[in-house]
Amino acid sequence: CFGGVRKAYTCYIIDMKIQFGIDIGGTTVSIGGILDSQLVFARSVWLARGCKPMVEQVIKLWKWGMEQAGDRQVDFSLGIGCPGTWENGKILPGTALNLETYSGEMDGFNLGESVWRHLPKSWVVHVQNDAWTQAKGGITLLSHSKIPCKWGYIGPGTGLGGAIIEVTSSRMIGPGIVTGK
């Protein structure tokens, strides 16, 4: 987590401000803005593979999202879901091959820090496995009446990923187990 001290696997369920989320998939990069559990804007573009082009795309989408937000309040937190297995903010070797332009390019890449350098310093960037963030988003919308709870998720896309996550009685989500390639 950059710009803050929150651990990457923990978040609070909040609906007061527009929340920004970016999904980096195998073929597209998408942004969505959520306000009070409703999608208020969304956009997708074709994925540009490679570290630098991917960061540039994320920043362009973030700027577009800020334009869409207009005068509405935003949560100064950008959540990014990205393929790969993550440890200490970095992609572990050989786990994000579909994002590379050459072998090993993504190994050890710190996407969160690279994006955060281009944002206002009041923003916090969270990067997690894309399947885990998709599961977490679903839990946020579906679990309001069933707390605490545990959920399983399988997410087909360019690859197949999955996660098992838990919502605690204090409405915190985490930690989770991520599987898949």
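As a reminder, the structure under discussion sits directly above these lines.
Residues numbered from 1 in each chain as written. Predicted model: local features only at pLDDT ≥ 70, side-chain atom pairs only at ≥ 80, totals over all residues. Heavy atoms only, no water.

**Topic: unusual backbone geometry**
Stage number 1. Even without a glycine there, the phi angle at Asn88 is positive, about 50°.
Stage number 2. With respect to the element layout, Asn88 can be found in the loop between strand 6 (86–87) and strand 7 (90–91). (Helix = DSSP H or I, 4+ residues; strand = E, 2+ residues; numbered from the N terminus.)

**With respect to the sheet that holds strand 3 (residues 28–35)**
Stage number 1. Spatial strand order, 4-3-2-5-8: five strands in an open sheet with mixed pairing. Among the strands making up the open sheet, the edge pair consists of strand 4 (38–46) and strand 8 (124–129). Here the average twist between neighbouring strands, direction ignored, is 15°.
Stage number 2. Packed on one face of the sheet, helix 1 (residues 51–69) meets strand 2 (18–24), strand 3, strand 4 and strand 5 (74–82) and runs near 150° to strand 4. (Pairing = 2+ DSSP bridges. Axes fitted to C-alpha atoms, helices over the stretch in contact; angles between N-to-C directions. Contact = heavy atoms within 4.5 Å.)

**Section: the packing of aromatic side chains**
Stage number 1. As enumerated under the stated definition, the model contains five aromatic pairs in all.
Stage number 2. Ring geometry for Phe76 versus Trp123: centroids 5.6 Å apart, planes at 80°, classification edge-to-face. Placement of Phe76 in strand 5 and of Trp123 in the loop between helix 2 (111–116) and strand 8 is noted, with a sequence separation of 47 residues between them.
Stage number 3. Relative accessible area serves as the criterion here: at 39%, Phe76 is assigned to the partly exposed category.
Stage number 4. Put simply, the rings of Phe20, Phe41, Trp62, Trp64, Phe76 and Trp123 pair up and form one aromatic cluster.
Stage number 5. The ring of Trp116 is capped by Lys121, whose NZ or CZ atom sits 4.4 Å from the centre of that ring. (Phe/Tyr/Trp six-rings, centres within 6.5 Å; stacked < 30°, edge-to-face > 60°. Buried < 20%, exposed > 50% of the residue type's maximum accessible area, 1.4 Å probe, protein only. Lys NZ or Arg CZ within 6 Å of the ring centre and 35° of its normal.)

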